[in-house]
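Architecture at a glance
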Amino acid sequence: MLVSVISSIDRDEDKEFIFALYQKYNRLIYKKIQNKIGINNEIEDLVNDTFIKLIEKIETLKSLGERELLYYIVKASNRPALDFMKQRSVRQKHIYYGN
């Protein structure tokens, strides 16, 4: 899925930028999300969701220094992980209460 989203980016330099970010930070984001939600089959999807959101912020990302970029990317990974944990909690309540 992420590959098709990256290939839909208009400018080649933006495609290369996002692809380079993915190659550099993919494992870090995977570990950060795994630390939040535990072992789960959906971690890779959440990593992809993070990078899809980052595509929307290419110009902002390009303007950041290395430290700020790392911080921005790590913070961006929090939202998909938190959303997943909320959904999991709701599913567990429905299973427990039978709704």
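For clarity, every value in this text was computed on a predicted model and none was experimentally measured. (Residues numbered from 1 in each chain as written. Predicted model: local features only at pLDDT ≥ 70, side-chain atom pairs only at ≥ 80, totals over all residues. Heavy atoms only, no water.)

Focus on the pattern of salt bridges
Selection rule: We define a salt bridge as a side-chain nitrogen of Lys or Arg found within 4 Å of a carboxyl oxygen belonging to Asp or Glu.
For the structure shown, the criterion picks out eight salt bridges. In this structure, arginine 11 engages aspartate 14 in a salt bridge whose closest nitrogen and oxygen atoms are separated by 3.3 Å. A single network of salt bridges, built from pairs that share partners, joins Arg11, Glu13, Asp14, Glu59 and Lys62.

Considerations on the packing of aromatic side chains
Formally: Any two rings among Phe, Tyr and Trp, with Trp reduced to its six-membered ring, count as a pair given centres within 6.5 Å; such a pair is stacked if its planes are under 30 degrees apart, edge-to-face if over 60, and tilted if neither. We count a stretch as a helix when DSSP gives it H or I for four or more residues in a row; a strand needs E for two or more, and each element gets its number in order from the N terminus. Burial classification: accessible surface area is computed with a 1.4 Å probe over protein chains only, and a residue below 20% of its type maximum counts as buried, one above 50% as exposed, and the rest as partly exposed. As a reminder, the over-ring test applies to NZ of lysine and CZ of arginine, requiring each to be within 6 Å of the ring centre and within 35 degrees of the ring normal.
Going through the model one piece at a time under the given rule, you end up with one aromatic pair. On the basis of an interplanar angle of 70° and a centroid distance of 5.1 Å, the ring pair of tyrosine 22 and phenylalanine 51 is categorised as edge-to-face. Of this pair, tyrosine 22 sits in helix H2 (residues 12-37) while phenylalanine 51 sits in helix H3 (residues 43-55), and the two are 29 residues apart along the sequence. Just as tyrosine 22 is buried, phenylalanine 51 falls in that class too. In this structure, lysine 62 is placed above the aromatic ring of phenylalanine 17, and the distance from its NZ or CZ to the ring centre is 5.9 Å.

So, the side chain of asparagine 26
Going by this rule: In what follows, residue pairs with any heavy atoms lying within 4.5 Å of each other are defined as contacts.
Tracing the chain through its elements places asparagine 26 in helix H2. With relative accessibility at 13%, the residue asparagine 26 sits in the buried group. Those residues within four positions of asparagine 26 in sequence are excluded, and the remaining contacts are Leu21, Glu44, Val47 and Phe51.

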